[in-house]
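# Tertiary structure, described
Residues per chain, in single letters:
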Amino acid sequence: MKIVIASDHAGYNLRQTIAEHLSQAGHAVEDFGPPENESVDYPDYAAKVAKAVADDIADLGILVCGSGVGMSIAANKVPGVRAALCFNAYLGEMCRAHNNANVLCLGERVTGIGLALSIVDAFVTTKFEGGRHGRRVDKIAELEN
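Reading the values: the criteria
Residues numbered from 1 in each chain as written. Predicted model: local features only at pLDDT ≥ 70, side-chain atom pairs only at ≥ 80, totals over all residues. Heavy atoms only, no water. Helix = DSSP H or I, 4+ residues; strand = E, 2+ residues; numbered from the N terminus. Polar contact = N/O pair within 3.5 Å; in protein donor to acceptor, adjacent residues only side chain to side chain. Patch = residues over 30% accessible without salt bridge, like charges linked within 9 Å, V, L, I, M, F, W, Y side chains within 5 Å. Areas by Shrake-Rupley, 256 points an atom, 1.4 Å probe, with all protein chains shown as cover. Salt bridge = Lys/Arg side-chain N within 4 Å of Asp/Glu carboxyl O. Buried < 20%, exposed > 50% of the residue type's maximum accessible area, 1.4 Å probe, protein only. Contact = heavy atoms within 4.5 Å.

The next thing to look at is the environment of Asp-59. By the secondary structure assignment, Asp-59 is in the loop between helix H2 (42–54) and strand S3 (60–65). Each C-alpha atom of the pair Asp-59 and Thr-17 lies 20 Å from the other, and the pair is 42 residues apart in sequence. Engagement of the side chain of Asp-59 in a polar contact is seen with the backbone nitrogen of Lys-2, the distance being 2.7 Å.

Below, the structure is given as structure tokens:
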């Protein structure tokens, strides 16, 4: 699976850990940065990941900032993106199974490494259930128009 990942300065360390974890699990990971831990504007990095996912350049995206909130707000502005801010593995699973979320958002300042990796694993390994959930996701897409 191809996964694109980015962060701002506040999510820099967790992003590095997640990228390594996903690579070791056999996923193709493209890291959109930033290249160093200096202050950057999170919407710039959210846009890079969201556009790559919306344009089918990647299967899934992961964004990390301090709380995860800013990244999720910015990513959801891109049509075709369903970004979910998750705080536990159950949410990581359900956002994929029921909402067909394609971008996971995490907060480095509010989520420990072990928990973050369990959320990432749940998100990446869960498939969309379709059925009644497909109808609802279609209605979300209609809102973009």
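The subject of this paragraph is a nonpolar patch on the surface. A cluster of nonpolar side chains, Phe-87, Tyr-90, Leu-91 and Val-110, forms an exposed patch at the surface whose accessible area comes to about 390 Å². Its location among the elements puts Leu-91 in helix H4 (residues 89–97). Since its relative accessible area comes to 34%, Leu-91 is described here as partly exposed.

Looking at where Ser-72 falls in the secondary structure, it is placed in helix H3 (residues 69–75). With sequence-adjacent residues up to four places away left out, Ser-72 is seen in contact with Ala-83, Leu-85 and Cys-105.

This part takes up unusual backbone geometry. The linkage connecting Gly-33 with the following residue, Pro-34, adopts the cis geometry, with an omega of 10°. With respect to the helices and strands, the residue Pro-34 is situated in the loop between strand S2 (28–31) and H2. Residues other than glycine seldom take positive phi values, yet Asp-56 does so here, at roughly 60°. Within the fold, Asp-56 resides in the loop between H2 and S3. Judged by relative accessible area, which is 68%, Asp-56 ranks as exposed. In this model, Asn-100 sits at a positive phi of 50°, which is unusual for a non-glycine residue. Locating Asn-100 in the fold gives a position in the loop between H4 and strand S5 (103–107).

In short, shape yes, function no, at least from these values alone.
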